[in-house]
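# Working through the structure, step by step
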Amino acid sequence: MNVTLQNLTKKFPSRSKKGADVVAVDDFSFEIPDGKLIGLLGPSGCGKSTTLNLLSGLLKPTSGRIFFGEDDVTQLPPENRGVGLVFQNYALYPHLTVRQNITFPLENRKGKDRLTRRQREDMALEAAKLVQIEALMDRKPKELSGGQQQRVAIARALVKMPRILLLDEPLSNLDARLRLQTREEIRRIQRETGITTVFVTHDQEEAMSISDQIVVMKDGLVQQTGAPQAVYDDPKNLFVAKFLGTPPINVFDGQVQNGRLYIGSEAVLEVPGVSDQAVTAAVRPEGFILSDTGALTCRLSGVEVLGRDISVVSTHERCQNAAIRSIIPSQCQVGGPAVRFDLKPGKVFLFDAAGNRLF
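Below or above, wherever it landed, is the structure these notes cover. (Residues numbered from 1 in each chain as written. Predicted model: local features only at pLDDT ≥ 70, side-chain atom pairs only at ≥ 80, totals over all residues. Heavy atoms only, no water.)

### Looking at the packing of aromatic side chains
Applying the stated criterion across every chain yields a total of four aromatic pairs. Ring centres of F239 and F243 lie 5.6 Å apart, and the angle between their planes is 20°; this geometry places the pair in the stacked category. Of the two residues, F239 and F243 are both situated in helix α8 (residues 238–243); the distance of four residues between them amounts to about one turn of the helix. Here F239 and F243 have matching classes, each one buried. An angle of 70° between the planes, with centres 5.0 Å apart, marks the rings of F288 and F341 as edge-to-face. With F288 in strand β15 (residues 288–290) and F341 in strand β19 (residues 338–343), this residue pair connects regions lying 53 residues apart in the sequence. Here the two residues F288 and F341 agree in accessibility, since each one is buried. When the ring centre of F12 is taken as reference, the NZ or CZ atom of K10 above it lies at 5.2 Å. Here the guanidinium or amino end of R284 rests over the ring plane of Y232, the centre of that ring lying 3.9 Å away. (Phe/Tyr/Trp six-rings, centres within 6.5 Å; stacked < 30°, edge-to-face > 60°. Helix = DSSP H or I, 4+ residues; strand = E, 2+ residues; numbered from the N terminus. Buried < 20%, exposed > 50% of the residue type's maximum accessible area, 1.4 Å probe, protein only. Lys NZ or Arg CZ within 6 Å of the ring centre and 35° of its normal.)

See below:
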């Protein structure tokens, strides 16, 4: 099911009589291809959950239109849109068993869509098998782990065979190991069912690991869309560059003179085509090459062992980060009060004063 958002805007009235309306989503246009998993990504307050609620019908847009395939669903109530919605807190009924929770959406069907009890239970079992909880059907939610409760919520959303599946930060209440396992399960389930899915999260690692495409948002505006690796490798602006990546990108105050990037007094990289100006230079952690004759000199603070790699922690007076983190192979030897690096051109991005990409 293709999903199309056309100039979607949502404004909330100000609590102050003289205040301006709060624009939660601002002129959002995007097409979600059939059968793909799209990650809506951004910091708290960026408008991603509001966008999800507009898709589900829980909120009405101030302007713009929403299409499911060829159908304009902008004014349709949630129950008529054919969406499956998984909430952040799971929203399971505590007094019902797993089986009863899963079958609950099927019990309200009327007329020709009405199902027998046997049909409902058969459909619930199929959904439970998909998320691998068929052995837990007679338990109550309080008898389940957080990950198991999450799977029940997903099964309940899938059992009614929705046209699209909406997931609102579904992993935020899980511990790190369970979060990793559950996101792999979500990806597996989405591929097996082929349901167009929208996944909302503030965790860029989650979004990048399971999404076919990501939509990076800030202050209700779409900053960049694309395949996760493409957005990481080619950020459109400084916000996207800083938001994506763990460890975070290293940001320096720099200067371009005669086609060279200077950080402090050191010429660290050739940047042909960039005019002389003050710039913000951002370097991915993997963009450093340890060298005794490196162009960039930093003060060594320490080394963190990561296993296959090490993280060299250093500082520089022109760096905006509290510490520079450089990921290099573990066999490299690091020592002394100073450490020197050359920079990989493909891992260095230059931005102007407004945060727009220059190089």
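### A closer look at the environment of L171
Turning to its location among the elements, L171 is positioned in the loop between β7 (164–168) and α5 (176–193). Overall, the relative accessible area of 0% leaves L171 in the buried class. Residues L171 and Q100, spaced 71 residues apart in sequence, show a C-alpha to C-alpha distance of 23 Å. Excluding residues within four positions of it along the chain, L171 makes contact with Q150, R179, T182, R183, I186, F199 and E206. (Contact = heavy atoms within 4.5 Å.)

### Comments concerning the pattern of salt bridges
Taken as a whole and judged by the stated rule, the model has 17 salt bridges. The residue E185 makes a salt bridge to R188 at a minimum N-O spacing of 2.7 Å. Of this pair, E185 and R188 both sit in helix α5, three residues apart, which is roughly one turn of that helix. Note that R188 and E192 form a salt bridge whose closest N and O atoms lie 3.0 Å from each other. Residue R188 and its partner E192 are located together in helix α5, separated by four residues, close to a single helical turn. We classify R188 as partly exposed; its relative accessible area is 22%. (Salt bridge = Lys/Arg side-chain N within 4 Å of Asp/Glu carboxyl O.)

### Here's the deal with the sheet that holds strand β17 (residues 309–315)
Strand order in this open sheet of five strands is β15-β19-β16-β17-β18, and the pairing throughout is antiparallel. Lying at the two open borders of the sheet, with one neighbouring strand each, are β15 and β18 (324–329). Strand-to-strand twist of the sheet, defined as the mean angle between neighbouring strand axes without regard to direction, takes the value 50°. With six bridges joining them, β17 and β18 adopt antiparallel strand pairing. Its bridge partner lying in β18, V313 is registered against R325. (Pairing = 2+ DSSP bridges. Axes fitted to C-alpha atoms, helices over the stretch in contact; angles between N-to-C directions.)

### What about the layout of surface pockets?
The calculated volume of the largest pocket comes to roughly 650 Å³. Surrounding the largest pocket, 23 residues form its lining, E79, V83, L85, P105 and K160 being those nearest its centre. When residues of the lining of the largest pocket are traced back to their parent elements, those giving at least two are β6 (83–86) and α4 (146–158). With four residues, β6 is the largest single contributor of residues to the lining of the largest pocket. For the lining of the largest pocket, the per-class residue count stands at 13 nonpolar, five polar and five charged. (1 Å grid on protein atoms, 1.4 Å probe; cavity = no way out; pocket = protein on both sides within 12 Å on 5 of 7 lines; lining within 4 Å. Points joined across faces, edges and corners; volume = space filled by probe spheres on them. Nonpolar A, V, L, I, M, F, W, Y, C, P; charged D, E, K, R; others polar.)

### Here we look at the nonpolar core
The biggest cluster of nonpolar side chains holds 33 residues, and the ones touching the most others in it are I102, I133 and I186. Put simply, the parts of the chain that give this core at least two residues each are α2 (98–103), α3 (117–130), α4, β7 and α5. For this core, the element with the highest residue contribution is α4, accounting for six residues. When residues no more than four places from it in sequence are discounted, the contact partners of I186 are L37, I154, L167, P170, L171, F199 and I210. (Core = buried A, V, L, I, M, F, W, Y, C linked by side-chain atoms within 4.5 Å.)

### Section: the packing of α4 against α5
Look at α4 against α5: their axes get within 10 Å of each other, and the N-to-C directions meet at 20°. Here α4 is positioned roughly parallel relative to α5, judged by the angle of their axes. At the point where α4 passes α5, the crossing takes the right-handed sense. Across the interface between the two elements, G146, G147, Q150, R151, I154 and L158 of α4 pack against L178, Q181, T182, E185, I186 and I189 of α5. In the contact of α4 with α5, the residues fall into five nonpolar, five polar and two charged. (Parallel < 35°, antiparallel > 145°, perpendicular 65-115°, else oblique. Left-handed = near helix turned anticlockwise from the far one by under 90°.)

### Let's talk about the sheet that holds strand β9 (residues 213–218)
Read across the sheet, six strands follow the order β6-β7-β8-β3-β9-β10 without closing on themselves; strand pairing throughout is mixed. Two strands bound the open sheet, and with one partner strand each, they are β6 and β10 (221–226). The mean angle between the axes of side-by-side strands here comes to 15°, regardless of whether they run parallel or antiparallel. In this structure, β6 lies alongside β7, joined through four bridges in parallel fashion. Residue pairing across strands places L85 opposite L166, the latter belonging to β7. Sitting on the sheet, α4 is in contact with β6 and β7, with an inclination near 170° to β6. Across the face of the sheet, α5 comes into contact with β3 (37–41), β7 and β8 (196–201) while running at roughly 140° to β3.

Keep in mind these numbers describe shape, not what the thing actually does.
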